[in-house]
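Listed below, chain by chain, are the residues.
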Amino acid sequence: MMQSAGPSGFSLKEATKRRLINDMVRFVQPANKWKVMVVDPISMKILNYSLKMFDILDENVTLVELITKKRQPYPNLEAIYFLSPTPEAIAHFIVDFCPGGGKKPLYAAAHLFFLGVLPDRLMDRITQSGAARYIKNLKELYVDYLPLESRVFSLDSPASFFRLFSPEAGGLPAQRAEMDVTAKRLKSLLVTLGDYPYIRYYRPVGDPDNNRSSKFAYMVSSELENHARVDPSFPTTDANSKGTLLVVDRSLDMNAPLLHEFTYQAMAYDLLPLEDGKYLYAVKGQDGAADSEKEIPLDDSDSLWVDLRHKHIADTIKSLLDGFNKFLSENKAASAAMGGAAKSSGLKDMKDMLAAMPQFQEMKQKYSVHINLSQECMNIFERRKLADTAAIEQNMATGETADGGKPKNLVSDMVPLLDDPALTVYDKVRLLMLFIISKEGVQDDDRRKLLEHANVGLELAESITNMALLGVKLSRDGKRDKAKKDKRKPAAKRPSGDEDDGAYELSRYVTQLKTALEDHISGSLETDVFPYLGPAPAADASARTGGTSLRSTKPSWQQKKSGGAGAGGDAAAAGPPKGGRLIVFVLGGMTYSEIRSVYEVAAAMNKEVIIGSTHIVTPTKFVDDLKNLRRPQAFAAYAPSFGFGEGPQPLPEPSEKERKKMQSAEARAEAGHAASPATAPAAAGDGKEKKKKKLFGLF
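Residues numbered from 1 in each chain as written. Predicted model: local features only at pLDDT ≥ 70, side-chain atom pairs only at ≥ 80, totals over all residues. Heavy atoms only, no water.

J.: Please explain the overall build of the chain as it appears in this structure.
T.: What the chain contains, in helices and strands, is 25 helices and 13 strands. Look at the contacts in the chain between residues 6 or more apart in sequence, and 81% of them connect residues 24 or more apart. (Helix = DSSP H or I, 4+ residues; strand = E, 2+ residues; numbered from the N terminus. Contact = heavy atoms within 4.5 Å.)

Next up, the structure:
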C-alpha cells in the first residue's frame, strides 16, 4: 500500500510530476509525433525524484540522454532540453547545434525548459549564438528543488551551511548572495504550488546578530512580488486557501541534529552509511552461488518503508514480525514450506525462515531489506551502548529525567561514558555538545577536563567551539543569575494535551520546530519571536504575544499516539485540512526528527504541512560541518560537479579539402538511406524499446 499523500490527497512529488509532464513533455508536440529528451546531471536528479521511466516514455519520448555524453544525431527529431540554468549546461546546448568542424546539429529543433530562473547573461549567451534559430520554445518551469517525499523537499545544497554561518565565507556579501540564490529556488516551489503565502520568520530574542531568517524572508517576499507582477496567472490559489511560509534557521534548535533518534528512518541514517537514500546489503546466494550485494532505494516506492520509517525501532521490529506472521497464517503454502511453523519470534528467526522460502520471492524482497536494516541498527545500538548514552542525552535536552524529576549529577553520569572505548568519538562529542547547550555554557576549565576524558582531538574539538557561530553560549564564569535560571524552568503542561502517555524514555524530546508548528496552527505562536512579514491573516490578527515560548521553556515530552510518532505516513483525518497549507523552510539544514514532526503535526491537527531546507543533516555530518566552519577548503568538497565549468567548445572549422570529403560522405549516406527507407517514427519506436535502460542514471 502506497503512502497516503495527506488529508487532502496532496503530494509534492505528484505536483512536481504533473508540472513536468503537462508543462514540458506534453507541451511539445512535433509534427512527426516522436521526440527525444536531453537532460544534465542536475535536472536528471530532479527527474529521478519526481518520475518513473514509463511516465516519460509513454509520452512519445524515444529516449532520454545526458547532455554530457556523446550522443547519436537524430536530425529528423526535435529535442526537449530539460536543463539547469547554468553556464556549463548552456555551453553544451550551444555546441549541440553549433558543433563546428563542419558538422550538422544533433536535432531538428530544440525546446528549452529550465529548472528555474535563467539569468539575463545566460539568456544573452543563447540568443547571440547560432543555436538560437533552432529554438522553438524557451520556458522556465520553476521546479528547482528535489521532492524527496510527499511532504518533504530539499535544495540539495549542503554548502549553504558554510556560506550562511561561517565567518570565513566572505562576510555579509557572500551570505546575501547565498540567500538570493536560495530565495529564487524556494520561489520555484511556491510557483509550482501556485501559492503566494503569508510569511512568518524566526526572530530570536536576545540574539540581535542572528537576523538570517528575517533577511531571507524579505528576499522571498521580494521574489514573489516580482513574479506576481510579471505573471498574471500567479497565484492560482484563492484568498481563502492562501498558505503560510514559516522561515527558520538551524539555530532554532541545536539539540535536534545532535540527539540519538530511535525512530526507524532517523536511526538508520544516523548509524548506517546510507548514501542518496540507498541501502547496500548482502544477499545470500542460492544453490551454492556466491553471496552478492544489492543496492535498494529507501523511498516512497517501498510501501513497507513508508509505513515503518517514523515508527520507533521497537515498534518497527514488532510491525515486521506481525506482518510476517500474518502472511504465514494466511498462506498455507508458506506455512508448509516452513514445516508447519506457526510464527517467527524474532528478527533472526524471521531471517532464517525467509531463507527457506525461495518460492516466495516478492515476500523475501519486501521483508529481507528491512530485517537486515533494522538488525544492523540494533547491533550498533547494543555495541555502542546507545541506551546509556541516549538516556543522559534526553535528560539534558528535556531538562527532566524519565520520571519527571530534575536531572542531577549529569557530570558524574557522563564521565564514565566519555572514558568508555565502546563509544565512538562522535558519540562523545555529541554528548559534550548537548551538555554545554543544556548548561548554557560551562567554565573553560571544566570543558577542558571533559575533553580530556573524551580524548577528543583538537580538530574535532573545533566542532564544539564553532557552536558559538550558531548562537550557543560556550563559557560562563560563575553561576547563572536568577533571571537566566528562571528561563530554564521545565515547560508547563501544554494546553494541546501533549502529555506523556507511554512514550519511550529514550525518545522524549520534542523538536522546537514541532512546537512552533503546533502553536502556529492553534494560533498561540508568539508574534514577538515569530512575527509576520506584512499583514497577518485575519485568524491570527489578534494572536497573543504569549503562548508557548520557544526561548524560555524546554519542549514537552514526545507524545506517542496513533498516526503520530508511530506512523510512517499520514493518519486518516476527518474531512479536508483546515485553512491554507503551512510550509516551513529551514536555512542551514533540517533533521529527520523534524521531518517526522511534520507528518505527525499534519495527521494530528488535520493540516497540510510541508517541510523543506537547503539540505538534510545527519548527526555525523552536522558535527563535521561545525568542525569545518572555519575551513573553507573543507567545504570545497560540496562544490557541484556540474554547472559552473567551462563546458565544451565548438570544433575548428574544416579546411576546404576536409569539407569536400565530408560532403562526399554525406551524399553516400543519403543515397544508402534512399535505397532502404525507414520512417522516423519507426526508428524512434525501435529506440524506445532498445534504449529504456538509458533513462535516469543508466547512461
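Continuing now.
J.: Whenever I open this one, the sheet that holds strand E5 (residues 135-140) confuses me. Can you help?
T.: Strand pairing in a sheet relies on backbone hydrogen bonds. The paired strands run either parallel or antiparallel. One open sheet holds the five strands; their spatial order is E2-E1-E3-E4-E5, and the pairing between them is parallel. The two strands at the open ends of the sheet, each matched to only one other strand, are strand E2 (61-66) and E5. With strand direction ignored, the average angle separating the axes of adjacent strands in the sheet is 20°. As paired elements, strand E3 (residues 74-83) and strand E4 (residues 107-114) share seven bridges and run parallel to each other. Looking at the pairing, Leu 83 lines up with Phe 114 of E4. Against the sheet, helix H2 (residues 41-50) makes contact with strand E1 (35-39), E2 and E3, and its axis sits at roughly 110° relative to E1, the strand it touches most. The sheet contacts of helix H4 (residues 87-97) involve E3, E4 and E5, and relative to E4 the element is tilted by about 165°. (Pairing = 2+ DSSP bridges. Axes fitted to C-alpha atoms, helices over the stretch in contact; angles between N-to-C directions.)

J.: What's the story with the packing of aromatic side chains in this structure? I'm lost.
T.: By convention here, two paired aromatic rings are described through the distance between centres and the angle between planes. Here the structure, examined in full by the defined rule, presents 19 aromatic pairs. Counting every residue linked through ring pairs, the aromatic cluster contains Tyr 81, Phe 93, Phe 97, Tyr 107 and Tyr 134. Above the ring of Tyr 198, the side-chain terminus of Lys 242 is found at 4.4 Å from the ring centroid. Residue placement shows Arg 581 over the ring face of Phe 10; its charged tip is 4.9 Å from the ring centre. (Phe/Tyr/Trp six-rings, centres within 6.5 Å; stacked < 30°, edge-to-face > 60°. Lys NZ or Arg CZ within 6 Å of the ring centre and 35° of its normal.)

J.: Explain the confidence of the model for the chain to me, please; I cannot follow it from the model alone.
T.: Low pLDDT marks regions whose predicted coordinates should not be analysed in detail. Considering every residue of the chain, the mean pLDDT works out to 83; 77% of them sit at 70 or more. Low pLDDT, under 50, characterises residues 1-7; the predicted model gives this stretch 25 contacts beyond four residues in sequence or across chains. pLDDT under 50 marks residues 542-574. Its contacts with residues more than four places away, or in other chains, come to 110 contacts. (pLDDT = per-residue confidence, 0-100.)

J.: I'm lost on unusual backbone geometry in this one. Help?
T.: Negative phi is the rule for most residues except glycine; trans is the rule for most peptide bonds. Note the cis peptide between Phe 234 and Pro 235, where omega equals 0°. Tracing the backbone shows Pro 235 in the loop between helix H8 (212-230) and strand E9 (244-249). In this structure, Asn 409 takes a positive phi of about 55° despite not being glycine. Relative to the helices and strands, Asn 409 resides in the loop between helix H15 (386-398) and helix H16 (410-419).

J.: Where do I start with the sheet that holds strand E8 (residues 198-201) in this structure?
T.: Ordered in space as E6-E7-E13-E12-E9-E8, the six strands form an open sheet in which the pairing is mixed. Each having just a single partner strand, strand E6 (146-149) and E8 make up the two edges of the open sheet. When strand polarity is set aside, the average angle formed by the axes of neighbouring strands in this sheet is 25°. Across three bridges, strand E7 (residues 152-154) lies against strand E13 (residues 609-613) in parallel orientation. Bridge pairing in E13 links Ser 154 to Ser 613. Contacts from helix H21 (residues 512-522) reach E8, E9, strand E12 (582-587) and E13 within the one sheet, and its direction differs from that of E12 by about 150°. Against the sheet, helix H22 (residues 592-605) engages E6, E7, E12 and E13, with an angle of about 165° to E13.

J.: How do you make sense of the pairing of E13 when you look at a structure like this?
T.: Moving residue by residue along a regular strand, the side chains alternate between the two faces of the sheet. Of all five residues in E13, five are buried, a share of seventy percent or more. Summarising the sheet, E12 and E13 pair through five bridges and their orientation is parallel. Paired with Ile 583 across the strands is Ile 610, a residue of E13. Between the parallel pair E12 and E13, the chain is carried across by H22, and the sense of this crossover is right-handed. (Buried < 20%, exposed > 50% of the residue type's maximum accessible area, 1.4 Å probe, protein only. Right-handed = clockwise from strand over helix to strand, strands pointing away.)

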